[in-house]
Each structure stands twice: as C-alpha cells, then as structure tokens.
Amino acid sequence: MMKRRQRGRPLDGWLILDKPQGPTSTDMVNKLKRLFDAQKAGHGGTLDPLATGLLPIAFGAATKTVPYVMDGTKRYQFTLRFGESRDTDDAEGAVTGTSDVRPDNAAIEAALPAFRGLIMQVPPIYSAIKVAGERAYDMAREGRAPVLEPRPAQIDRFDLIDRPDADTAVFEVESGKGVYMRSLARDIAIACGSLGHITVLRRLRVGPFTEDMAISLDKLEQGEDTAPISPALLLPVATALADIPALALTESEAVGLGHGQAISLVDLMGRIPDGADPAGGTVRAMVGSRVIGLCRLEEGWMKPERLL
C-alpha cells in the first residue's frame, strides 16, 4: 500500500505560547498546528483551562525533546481564595464546603515549610490520572469521585508573595514534574485551618523556557486569514535542551553515535561537564554548536539515548 502523505509543512522547532484563559492545552496545539500549517505538533506540559502563561508547543523533531522539557523546573504564581472548597479545587468547580477562618500571614508562613521539599500530594479528582483504566475527571463528572492515592511531589520553593486582602493570598512556586498547584492551594488552606481554592493560576517558566520568550495568541492570530505563520518565529529544537550539560564530540565520534555505538568515558576524560553524573546522568552531545542528541552516561560508557 502507498504511504499516506502527511498534511502540512515539515516544521521543526519550539513556539512558546502565552496561553490565554479558557482553552485547553490540546485546543492550543490544534490551533497552532493549523496557523503554522505544520505536519506534527505537541505540547510540553498541560495547563488547566483556567490557567494562563507558558505553554511550549513543539513542532516536528522538537516533539522528541518534550520529555526533557516536562522534566524541567516549573515556576507558577497562583491566587488562593480562602473560605470555600470546590470539587475541582479551582474557581470553575462547585462549592463543596465553607469556612469562616481567614488565617493571618503568620499562620500561612508557619504552614509553608511542610510543603517544601519532597512531599506526598493527593492529585485533584478532576485530573487526567487513570484509575483502573479510566480518567479521574471522567469518573468525577459521572458522579463517581475516584479515590486517588498520594504521590511524591518535589517542591523546590513555595513562598507567600502578596496578601491583597483577608480572603486572598498570592503564592509563587517552583516545582518538579507532575505537581498540582490546585492540590497545593487546597492543602495549604486546610493546613491553616480553613478551606480554599485557586482563582488565578499563571505559569512563568518551563525548564529553559521563560516569559521573555513567550508570544501571545493575539499576535499569532493577526495573520490568520492570510498565509501560514512564518517558521522564523520558532526557536531551535535544541533550545529545549539548554538545561542539560553539554559534552563536546569530534565529527568521527558523532558518526559512531549515529550508528548506535557507545563511547568509553575513558576516551572522554577532561570533556565530561561538571554537572553531569557519570553514573546515570544525561548529557547533550555537541559537535561545535550543533546538537547531535542526548546520551546517557552509565557503566563507564556514553550511550546514545535520543538522536536528533
């Protein structure tokens, strides 16, 4: 049978979207794929419909680097409203409880240390986690609220940064992969003897991607009725790997990697970057300024893991 021809242009790179409130992350991927007339696209970390901020969109070969972006540090800012719990743990849900308690700043600051470091977190019932093969949010919508088990969550920073009034508090968080801000808001309110939910959520950083790289949807939609958006707006595929230590190779070593050959770490002595762990670490293999791919250091060898 003849191979079906893919629709769209074969584009490679990253577009860092400043996602507006309302659409889902999948909605944004589909829209950007159409605006760029791209063959292949995906995103580097889901944002809730309520949330705004950085949503990295990967095109073509950049989709191979999505897992490394999702493993990177995330920074968020959210507003917690005290006094009501919601079934979604954000402003879009139904009220499930009320409290008259409004903790002062001292009570909040006293509760925060328990939420820093490696903690155990129960995800929101309205999440994409699977329970016995079903999505938790599907079960919740059908009135079959799932029982979700606590899971590890790495919180590097969790700070109170503003207190507009007694009902609300603004926090900034830096965290690892798979941490739910809605759960943090719910749980810090409970720890303060109250109830609460998120009313505003914005993502400020995803791995190497920061706010200064972001482009608004309004700007991208300006030329929607004309030709597809220029690929000049895309960042190089390798931008996603900027946080991974770089290791310089020769052309001949790169050719060997391309054929699946491992390289002895003895031969790389003096070139292994300080930030790389020789016992299981990942490095960005480079020839000059060109990224060859990602490699794993283990058992005395550098082995190709994902070539670009």
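Here's what I pulled together on the structure shown here. Just so it is clear, the structure is predicted and the values come from calculations on it, not from any experiment.

### Considering the nonpolar core
- Core analysis: the biggest nonpolar cluster contains 45 residues, and Leu 15, Phe 78, Phe 158 and Leu 184 have the highest contact counts within it.
- The biggest single contributor to this core is helix H5 (residues 181-191), with five residues.
- Each residue touching Leu 15, except ones within four places of it in the same chain, is listed here: Leu 32, Phe 36, Leu 55, Pro 56, Ile 57, Phe 59, Ile 215, Leu 220, Leu 233 and Leu 234.
- Counting residues in each nonpolar core, the second largest holds 15 residues, with Leu 249, Leu 268, Val 283 and Val 287 among its members.

### Some points on the sheet that holds strand S16 (residues 263-264)
- Read across the open sheet, the five strands follow the order S15-S17-S18-S19-S16; overall the sheet is mixed. Here the strands that pair on one side only, and so sit at the sheet edges, are strand S15 (246-248) and S16.
- Pairing of S16 with strand S19 (residues 301-307), which is carried by two bridges, proceeds in the antiparallel orientation. Within the sheet, the bridge partner assigned to Ser 264 lies in S19 and is Trp 301.
- Where helix H7 (residues 251-258) meets the sheet, it contacts S16, strand S17 (282-287), strand S18 (290-298) and S19, and its direction lies at approximately 65° from that of S19.

### A short note on unusual backbone geometry
- Positive phi, normally seen in glycine, also occurs at Asp 37, with a value near 50°.
- Taking the relative accessible area as the measure of exposure, Asp 37 reaches 34% and is therefore partly exposed.
- Backbone geometry at Asp 89 places phi at a positive 65°, although glycine is not the residue there.
- Secondary-structure assignment places Asp 89 in the loop between strand S5 (84-86) and strand S6 (95-98).

### Quick notes on the side chain of Glu 253
- Locating Glu 253 in the fold gives a position in helix H7.
- Of the residues examined, Glu 253 reaches a relative accessible area of 15% and is grouped as buried.
- A polar contact is formed between the side chain of Glu 253 and the side chain of Arg 271, at a distance of 2.9 Å.
- Dropping the residues within four chain positions of it, Glu 253 is found in contact with Ile 263, Leu 268 and Arg 271.

### Digging into the environment of Ala 262
- Inspection of the secondary structure assignment puts Ala 262 in the loop between H7 and S16.
- Between the C-alpha atom of Ala 262 and that of Arg 296, which follows or precedes it by 34 residues, the distance is 9.6 Å.
- The residues contacting Ala 262, other than those within four sequence positions of it, are Trp 301, Met 302, Lys 303 and Pro 304.

### Some thoughts on the pattern of salt bridges
- Enumeration according to the criterion identifies 24 salt bridges in this entry.
- Measuring nitrogen to oxygen at the nearest pair gives 2.8 Å for the salt bridge that ties Glu 84 to Arg 86.
- Overall, the relative accessible area of 26% leaves Glu 84 in the partly exposed class.
- Assessed through its relative accessible area of 16%, Arg 86 is described here as buried.
- The shortest N-O distance in the salt bridge between Glu 142 and Arg 144 comes to 2.6 Å.
- Through salt bridges that share partners, Arg 75, Arg 116, Arg 157, Asp 159, Glu 172 and Glu 174 make up one connected network.

### A look at the layout of surface pockets
- Estimated volume of the largest pocket: approximately 920 Å³.
- As for the largest pocket, its lining consists of 29 residues, and the residues nearest its centre are Thr 46, Leu 47, Asp 48, Tyr 180 and Arg 182.
- Broken down by secondary-structure element, the contributors of at least two residues to the lining of the largest pocket are helix H1 (25-35), strand S4 (74-82), helix H4 (136-141), H5 and strand S12 (196-206).
- Looking at the lining of the largest pocket residue by residue, the classes come out as 11 nonpolar, 10 polar and eight charged.

### Looking at H1
- When we look at burial in H1, the residues that qualify are Ser 25, Met 28, Val 29, Lys 31, Leu 32 and Leu 35.
- The elements touched by buried residues of H1 are strand S1 (13-19), strand S2 (41-43), strand S3 (52-59) and helix H6 (217-221).
- Positive backbone phi, approximately 50°, marks Asp 37, located one or two places after H1.

Cut-offs and rules
Residues numbered from 1 in each chain as written. Predicted model: local features only at pLDDT ≥ 70, side-chain atom pairs only at ≥ 80, totals over all residues. Heavy atoms only, no water. Core = buried A, V, L, I, M, F, W, Y, C linked by side-chain atoms within 4.5 Å. Buried < 20%, exposed > 50% of the residue type's maximum accessible area, 1.4 Å probe, protein only. Helix = DSSP H or I, 4+ residues; strand = E, 2+ residues; numbered from the N terminus. Contact = heavy atoms within 4.5 Å. Pairing = 2+ DSSP bridges. Axes fitted to C-alpha atoms, helices over the stretch in contact; angles between N-to-C directions. Polar contact = N/O pair within 3.5 Å; in protein donor to acceptor, adjacent residues only side chain to side chain. Salt bridge = Lys/Arg side-chain N within 4 Å of Asp/Glu carboxyl O. 1 Å grid on protein atoms, 1.4 Å probe; cavity = no way out; pocket = protein on both sides within 12 Å on 5 of 7 lines; lining within 4 Å. Points joined across faces, edges and corners; volume = space filled by probe spheres on them. Nonpolar A, V, L, I, M, F, W, Y, C, P; charged D, E, K, R; others polar.

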